[in-house]
Amino acid sequence: MLDPAAFLDDLDTLRGIGRRGTGVVRRAFDPDDIRARRRLADRFAAAGLDPVIDPAGNVWGCGGPILIGSHTDTQPEGGWLDGSLGVIAGLAVARARPGAVSVVSFQDEEGRFGATTGSEIWSGALSLDAADALTDLDGTTFGAARCALPSTGSAPDPARFRTYLEPHIEQGPVLDAAGEAVGIVTAIVGLRQVTVTMEGRQNHAGTTPMHLRADALRGFGMAQDAIATALEDVVTPDSVWTIGHVALHPNAPSIVPGRVRFTVQWRDASAARLERMETAIRRALEDAARASVLRIDISDTTALPPAPMDSTLQDVLARAAEREAPGRWRRMPSGALHDATNVARVLPVAMLFAPSIGGISHAFDEDTDRDDLVTMLRVLDRAVGELT
Ligand code: GLV
Ligand code: MN
Ligand code: MN
């Protein structure tokens, strides 16, 4: 029998590991992430699942053929539900339906090292060797970081599962604004990202005449404007791009900045448009570097393609949503990235969303009404009942 109180209690307990005010910090393989993963393995065992921590740091509770999960690592300032909701909902349904469900918490979904690294490895799109060379923004490699969480076994073969379901918060404003309780995801948008380094000449802020400067931050500002202008003719209102990380060297008031390193990320539902955006962004960056007399290096592109969800599974979730929240659900795309993008390479996948209050996520004040969390759990459980 489904136990919503135990489900909420498990969510609250997980929130306590790495808690910061109302939010959470558990970067992949940091001490709190490892604590949470070890505890999760224990909770899986207590629920009658066979716990495995695989070499990539994914935590498995192996049981039945319906795989449910998400991730328990967080952004540098993370909410308590992003990822955790899907894993703990899977655990709750596994307890309610012995033998039907397996559960997983994939590692590094939030991209400390790559992007959705753990599920990328499991789905065969990235080798463990290649992942080991990925670095975080401080230069730590995935390979070095994962030594802190020794593996207890190998990952289960995808062939032992029939289906992957990923429950998640919406992380956007649509359901909350409409007063709806459930979203059934139609497709996950694609994402591309590059890391850019622009280098000029570090020098004295008092003695270097303005016309002799090669100021990296000035070049960065020009690049930002050039990208926005270049994309005007390429994007739709649903396309998004973000410069979310900037590191200025040496970042001191009396020094003309010598180097700036930043990420450029863009997302869209169309693979062709992602490609056109990439061409425009790369050209804009090169032009800005030339105009500001800076050297530029643009990394290889990290790319995840748009991923459509399985239509039969969408229909199963839609029937369950109509029973649990009549007239208060919709089908919708996901602008956020999810492990389901990778799992879609090896299994039929579907996702369902709970509303995010105010559309806030990747922030400490991310939240969802507890009644909505339980409604989503009931929809998931009903869908698993139909699939079993
Ligand atoms: C993952 O949370 C993403 O959409 O960046
Ligand atoms: Mn996230
Ligand atoms: Mn997430």
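Remember, it's a predicted structure, so these values are computed and weren't measured experimentally. (Residues numbered from 1 in each chain as written. Chains lettered and ligands numbered in written order. Predicted model: local features only at pLDDT ≥ 70, side-chain atom pairs only at ≥ 80, totals over all residues. Heavy atoms only, no water.)

Attention now moves to the site of ligand 1. Neighbouring ligand 1 are E109, E110, R267, A336, L337 and H362. In the environment of ligand 1, an oxygen atom lies 2.9 Å from a nitrogen or oxygen atom belonging to the side chain of E110. Here L337 contributes a backbone N or O atom positioned 2.7 Å from an oxygen atom of ligand 1. Burial of ligand 1 by the protein chains amounts to 90% of its free accessible area of 190 Å². (Near = heavy atom within 4 Å. Polar contact = N/O pair within 3.5 Å; in protein donor to acceptor, adjacent residues only side chain to side chain. Areas by Shrake-Rupley, 256 points an atom, 1.4 Å probe, with all protein chains shown as cover.)

Right, let's talk about the coordination of the manganese ion (ligand 2) for a bit. Every protein donor of the manganese ion (ligand 2) is accounted for by D82 (OD), E110 (OE), E110 (OE) and H362 (NE2), and the metal-donor separations fall at 2.1 to 2.6 Å. Coordination of the manganese ion (ligand 2) draws on donor residues from a single chain, spaced D-x27-E-x251-H in sequence. In this model, the manganese ion (ligand 2) sits 3.5 Å from the manganese ion (ligand 3), the two metals being bridged by D82. In this pair, D82 sits in the loop between β5 (66–71) and α3 (84–96) while H362 sits in the loop between β19 (349–354) and α12 (370–387), placing the two residues 280 residues apart along the sequence. (Donors = N, O, S within 2.8 Å, 3.2 Å for Na, K, Ca; no water. Helix = DSSP H or I, 4+ residues; strand = E, 2+ residues; numbered from the N terminus.)

Glancing now at the coordination of the manganese ion (ligand 3). Coordination of the manganese ion (ligand 3) by the protein is provided by H71 (NE2), D82 (OD) and H168 (NE2), with metal-donor distances spanning 2.0 to 2.2 Å. Here the donor residues of the manganese ion (ligand 3) share one chain and are spaced in sequence as H-x10-D-x85-H. The buried category is assigned to D82, whose relative accessible area is 4%. (Buried < 20%, exposed > 50% of the residue type's maximum accessible area, 1.4 Å probe, protein only.)

This brings us to the nonpolar core. By size, the foremost hydrophobic cluster in this structure holds 64 residues, and its most contacted members are F7 and L85. In this structure, L85 is in contact with F7, L11, H168, I169, A354, L373 and M376, ignoring residues within four places of it in sequence. Of all hydrophobic cores here, the second largest spans 24 residues; its members include F220, I227, W266 and L274. (Core = buried A, V, L, I, M, F, W, Y, C linked by side-chain atoms within 4.5 Å. Contact = heavy atoms within 4.5 Å.)

Another point: the pattern of salt bridges. As enumerated under the stated definition, the model contains 18 salt bridges in all. Note that D10 is salt-bridged to R95, the shortest N-O span being 2.5 Å. Taken together, the positions of D10 in helix α1 (residues 4–15) and R95 in helix α3 put the pair 85 residues apart, joining distant regions of the chain. Judged by relative accessible area, which is 4%, D10 ranks as buried. Exposure remark for R95: the relative accessible area of 32% places this residue in the partly exposed category. Between D268 and R273 there is a salt bridge, with its nearest N and O atoms 2.7 Å apart. (Salt bridge = Lys/Arg side-chain N within 4 Å of Asp/Glu carboxyl O.)

Moving on to the pairing of β19. Of all 6 residues making up β19, 6 are buried, and the element is well covered by its neighbours. With burial as the criterion, each face of β19 is covered, one bearing V349, M351 and F353 and the other bearing A350, L352 and A354. In this structure, strand β7 (residues 163–169) lies alongside β19, joined through 6 bridges in parallel fashion. Note that in β19 the partner of P167 across the bridge is L352. Where strand β8 (residues 182–188) lies against β19, 2 bridges are found, and the strand directions are antiparallel. Counted as the bridge partner of G183 is F353 from β19. (Pairing = 2+ DSSP bridges.)

Domain assignment breaks the protein chain into domain 1 (4–189 + 306–387) and domain 2 (190–304). A separation of 32 Å is found between the C-alpha centroids of domain 1 and domain 2. Every contact between the two is made by 13 residues of domain 1 and, on the other side, 12 residues of domain 2. Summing the contributions of domain 1 and of domain 2, the shared interface buries around 880 Å²; its carbon and sulfur component is 70%. The largest contributions to the domain 1 side of the interface with domain 2 come from L137, V189 and P306, which together make up 58% of the buried area. Our count for the contact surface shared by domain 1 and domain 2 stands at 2 residue pairs in polar contact (both at pLDDT 80 or more). (Domains from an automatic or database assignment. Buried area = accessible area lost by both parts, 1.4 Å probe.)

Along the chain, the position of D132 falls in helix α5 (residues 128–132). Given the relative accessible area of 18%, D132 is considered buried. Among the polar contacts listed, one links the side chain of D132 to the side chain of R146, at a separation of 2.7 Å. Those residues in contact with D132, other than ones at most four positions away along the chain, are T141, F142, G143 and R146.

Once that is clear, we can look at the pairing of strand β9 (residues 190–199). The buried count for β9 comes to 7 of 10 residues, which makes it a mostly enclosed element. As judged from the 3 bridges shared by β9 and strand β16 (residues 302–304), these two strands associate in the antiparallel manner. Within the sheet, the bridge partner assigned to L191 lies in β16 and is L304. Where β9 and strand β15 (residues 295–298) come together, 4 bridges link them in antiparallel fashion. Along β15, the bridge assignment pairs M198 with I296.

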